[in-house]
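Okay, here's what each chain looks like letter by letter:
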Amino acid sequence: QHSPSAPGTSPPAGAFALAGGRSNPLIALTMSLLVIVLVICALAQGAASRPAARGDEHDPFAQQDAAYWQQQQQRAAMSTYSPALALDSVLLSAAAYCDADSLPSWTCGGACEQLPHVQFMGLAYNTSSDAQAFVALGTAPSITTPSVMISFRGTMPSHLRNWIDNLNTFITHPYPEAPGVGVHEGFYYTMLSIKEQLLAHLTYALSKVSSRSPIIVTGHSLGGALATLFALELSGHVKSHPIKVYTFGEPRVGGQTFPAYVLGKLDETIRVTHWRDIVPHVPLHAMSFRHAPREVFYDSLFTTFKLCDNSGEDPDCADSLVGYSISDHLTYLNVTISNDCTAFKYHRTAPDSVRRLR
């Protein structure tokens, strides 16, 4: 199930993670629930059969490029996690779910109200892929230097049929300098469908800030996958601007060589997971999909978090549980993600009151 698509080519039929068209709602709901049940069963079986060790000795990339992998892990260890920046990022991620008409005026409900010093700069949308993202600039409680912010919308919570598309396992190899690095085909082409729009908005936003201003890229769920892939594209376009990637409930994006590739390209990547959130467990590890580092794993009530190792698949973090919860997926740092902006819910917890597990 591999597709050797070359960069710059048109996406294959059905490649978009969010396919267009309509389907019978009852059939779609039934199929979605069946897929979720099958995923839970597969995860349970995989957890029972997976060895206690992470199994890097069976990873061809780890064997062939052990020195490079160690170098990138050491580089990732230098990055620090900011709970305050995570909170601002998840608010930006929540705002991306809001109606496109409310974003330009920054009247997108509670998420916008929590970030009053953010200025909307431009919206990117593609009707075929249903991908949506926006570019903004400004400051936030944790972002004191004027910064550019890019936020990607994830799968709409009310569109359960999209689970089926998001769970495909086709891989493309889009990086000429690293032909062995594969990524999820649907995620990649969805990102590509709005890439040029985003770069145009980004160019305008960067003209308004200093040459060293940070670029914060964020997203929830599918939006997290798109954020990671876009940040990789961005690393080749901007040199002086530090790129910070914060994602929430992100699915697995790449193949076995993907973690080291991300560490070699991006200075700071944080992937927040929440307890038994189902989405970080798909596509399955058994299908050779891998997460990018670095995971930050929260307990069910967001009272403690663990800064996980640099492999992307720390067996003591989200991988230690069978993920089955959709409600855990729709709540991050006490922010409830919804496709209805008026349903925004948030209970502020001071970052200093959240205890880090050693």
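Residues numbered from 1 in each chain as written. Predicted model: local features only at pLDDT ≥ 70, side-chain atom pairs only at ≥ 80, totals over all residues. Heavy atoms only, no water.

A. Examining the overall build of the protein chain more closely. When its secondary structure is counted, the protein chain shows 10 helices and 14 strands. Within the protein chain, contacts between residues at least 6 apart in sequence are counted, and of these 73% link residues at least 24 apart. Of the roughly 15200 Å² of accessible surface on the protein chain, a fraction of 56% belongs to carbon and sulfur atoms. (Helix = DSSP H or I, 4+ residues; strand = E, 2+ residues; numbered from the N terminus. Contact = heavy atoms within 4.5 Å. Areas by Shrake-Rupley, 256 points an atom, 1.4 Å probe, with all protein chains shown as cover.)

B. Region of the structure containing the packing of aromatic side chains. The full count for this structure, using the stated rule, is 12 aromatic pairs. With a centroid separation of 6.3 Å and 40 degrees between ring planes, the pair formed by Phe-120 and Phe-134 is classed as tilted. Taken as a pair, Phe-120 in strand 1 (residues 118–126) and Phe-134 in strand 2 (residues 131–140) lie far apart in primary sequence, 14 residues in all. A residue is classified by how much of its surface remains accessible, and Phe-120, at 15% relative accessible area, is buried. Counting every residue linked through ring pairs, the aromatic cluster contains Tyr-81, Tyr-246, Tyr-298, Phe-302 and Phe-305. (Phe/Tyr/Trp six-rings, centres within 6.5 Å; stacked < 30°, edge-to-face > 60°. Buried < 20%, exposed > 50% of the residue type's maximum accessible area, 1.4 Å probe, protein only.)

C. Quick look at the environment of Glu-196. Relative to the assigned elements, Glu-196 resides in helix 7 (residues 185–206). Glu-196 gets classed as exposed once you look at its relative accessible area, which sits at 56%.

D. Spotlight on the pattern of salt bridges. Throughout the structure, instances matching the rule amount to six salt bridges. Between Glu-177 and Lys-265 there is a salt bridge; the shortest N-O distance is 3.5 Å. Of this pair, Glu-177 sits in the loop between strand 4 (171–172) and strand 5 (183–184) while Lys-265 sits in helix 9 (residues 258–265), and the two are 88 residues apart along the sequence. Residue classification places Lys-265 among the partly exposed residues on the basis of a relative accessible area of 34%. Of the charged contacts, one joins Arg-252 and Asp-319 as a salt bridge, the two residues approaching to 3.4 Å between their closest N and O atoms. Of the two residues, Arg-252 is situated in the loop between strand 7 (243–248) and helix 9 and Asp-319 in the loop between strand 10 (304–307) and helix 10 (326–329); the sequence distance between them amounts to 67 residues. What makes Arg-252 buried here is its relative accessible area of 2%. Each of the salt bridges in this network shares a partner with another, and the network as a whole consists of Arg-252, Glu-313 and Asp-319. (Salt bridge = Lys/Arg side-chain N within 4 Å of Asp/Glu carboxyl O.)

E. Inspection of the state of the cysteines at higher detail. In this structure the tally under the stated criterion is two disulfides. Disulfide pairing is shown between Cys-108 and Cys-112; the S-S distance is 1.4 Å. Residues Cys-108 and Cys-112 are joined by a disulfide whose S-S torsion is about 85 degrees; by sign, that bridge is right-handed. Of the two residues, Cys-108 and Cys-112, both sit in the buried class. With its sulfur 2.0 Å from that of its partner, Cys-308 forms a disulfide with Cys-317. Across the disulfide from Cys-308 to Cys-317, rotation about the S-S bond amounts to roughly -115 degrees, and the bridge is consequently left-handed. (Disulfide = S-S within 2.5 Å.)

F. Just the packing of helix 7 against helix 8 (residues 222–234), in detail. Put simply, helix 7 and helix 8 touch, their axes get as near as 9 Å, and they point 60 degrees apart. As far as their axial angle goes, helix 8 and helix 7 are oblique. Crossing geometry of helix 7 relative to helix 8 is assigned as right-handed. In this structure, helix 7 contributes Phe-187, Tyr-188, Thr-190, Met-191, Lys-195, Leu-198, Leu-199 and Leu-202 to the contact, and helix 8 contributes Leu-222, Ala-225, Leu-226, Leu-229, Phe-230, Glu-233 and Leu-234. Split into classes, the residues belonging to the contact of helix 7 with helix 8 amount to 12 nonpolar, one polar and two charged. (Axes fitted to C-alpha atoms, helices over the stretch in contact; angles between N-to-C directions. Parallel < 35°, antiparallel > 145°, perpendicular 65-115°, else oblique. Left-handed = near helix turned anticlockwise from the far one by under 90°. Nonpolar A, V, L, I, M, F, W, Y, C, P; charged D, E, K, R; others polar.)

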